[in-house]
Amino acid sequence: MSTWFTERGIPMADSQSLRLVLGTAGVHDHLTQYVAQILNHKGYDDVSPAMLNFLSTLDCGVNYGSEIARRLNVSRQMVAKTVKELCQAGYLEQVQIKGNQKQILFTTSGEQLMSDVRTLLAQLDKVLCEEIGETALDEAIAILDAIQFVVSTELQTRSK
């Protein structure tokens, strides 16, 4: 492990985990920008990377604001605001059930949007396989899954 020092003499250890975080964040950002840009050209004028990030966390069936907030680690108010915007855009709908609880569902337009997203990603798969090879892509995915498992296990161990 190498270390460098700030101008104030504070040590900063080199970290492959930091490079991994920055690298995967960069891939994520570029993928969502790529998809949003193509969708904008296809007529989805209101689609943004942030919107795609939010929608990608939803199940195709019934969703609830409290579950979404937990999954995203954000407030229920933030989820409610975003869901309201997505309802106005026509991608989601809320259905009142018992009490104050509301089900959050994709509309037909929302399902079509997510179908188009998945089609674009499948097309990108072909480009990635041509550029880096299908085996390399499969290996990268397997390695990321393994890293996620190790970090999740470590998190669970440390929280005990």
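Before reading on, note that the structure itself is shown above.
What you are looking at is a predicted structure, and each value in this text was computed from that prediction instead of being measured.

Caption draft 1: Representation of unusual backbone geometry within the structure. Backbone geometry places Asn73, a non-glycine residue, at a positive phi of 60°. Relative to the elements of secondary structure, Asn73 occurs in the loop between helix H3 (65–72) and helix H4 (76–88). For Asn73, a relative accessible area of 71% translates into the label exposed.

Caption draft 2: Geometry of the pairing of strand S5 (residues 102–106). Counting buried positions along S5 yields four of five residues, so the element is predominantly enclosed. Pairing between strand S3 (residues 63–64) and S5: two bridges, direction antiparallel. Its bridge partner lying in S5, Tyr64 is registered against Gln103. As paired elements, strand S4 (residues 92–96) and S5 share five bridges and run antiparallel to each other. Following the sheet pairing, Gln96 is matched in S5 by Lys102.

Caption draft 3: Structural view of the nonpolar core. Core analysis: the biggest nonpolar cluster contains 23 residues, and Leu39, Val47, Phe54, Leu55, Leu92 and Leu113 have the highest contact counts within it. Elements represented by at least two residues in this core include exactly helix H1 (16–41), helix H2 (49–56), H3, H4, S5 and helix H5 (108–132). With residues near it in sequence (within four places) discarded, Leu92 still touches Phe54, Leu55, Leu58, Val83, Leu86, Cys87, Ile104, Leu105, Phe106 and Thr107.

Caption draft 4: Just the environment of Ser159, in detail. Mapped onto the elements of the fold, Ser159 is located in the segment after helix H6 (134–158). By relative accessible area, which is 59% here, Ser159 ends up exposed. A distance of 3.0 Å separates a polar side-chain atom of Ser159 from the backbone oxygen of Gln156.

Caption draft 5: Molecular detail of the sheet that holds S4. Across the sheet, which stays open at both edges, the three strands sit in the order S3-S5-S4 with antiparallel pairing between neighbours. Of all the strands in the sheet, just S3 and S4 have a single pairing partner and so form its edges. Strands in contact with H4 are S4 and S5; relative to S4, the strand with the most contacts, it is inclined by about 115°.

Caption draft 6: Fine view of H1. The terminal C-alpha atoms of H1, which comprises 26 residues, lie 37 Å apart, in line with the 38 Å expected from a rise of 1.5 Å per residue. Regarding H1, the residues found buried are Thr32, Val35, Ala36 and Leu39. The secondary structure elements touched by the buried residues of H1 are H2 and H5. The N-capping residue of H1, defined by a side-chain oxygen 3.2 Å from the backbone nitrogen of Ser17, is Ser15.

Caption draft 7: Structural context of a negative patch on the surface. On the surface, a cluster of negative charge is made up of Asp125, Glu134, Asp138 and Glu139. Residue contributions to the negative patch peak at three residues, all from H6. Within the secondary structure layout, Asp138 lies in helix H6.

Criteria and cut-off values
Residues numbered from 1 in each chain as written. Predicted model: local features only at pLDDT ≥ 70, side-chain atom pairs only at ≥ 80, totals over all residues. Heavy atoms only, no water. Helix = DSSP H or I, 4+ residues; strand = E, 2+ residues; numbered from the N terminus. Buried < 20%, exposed > 50% of the residue type's maximum accessible area, 1.4 Å probe, protein only. Pairing = 2+ DSSP bridges. Core = buried A, V, L, I, M, F, W, Y, C linked by side-chain atoms within 4.5 Å. Contact = heavy atoms within 4.5 Å. Polar contact = N/O pair within 3.5 Å; in protein donor to acceptor, adjacent residues only side chain to side chain. Axes fitted to C-alpha atoms, helices over the stretch in contact; angles between N-to-C directions. Expected span 1.5 Å × (residues − 1). Patch = residues over 30% accessible without salt bridge, like charges linked within 9 Å, V, L, I, M, F, W, Y side chains within 5 Å. Areas by Shrake-Rupley, 256 points an atom, 1.4 Å probe, with all protein chains shown as cover. Salt bridge = Lys/Arg side-chain N within 4 Å of Asp/Glu carboxyl O. Lys, Arg positive; Asp, Glu negative; His and termini not counted. Charge placed at Lys NZ, Arg CZ, Asp CG, Glu CD.

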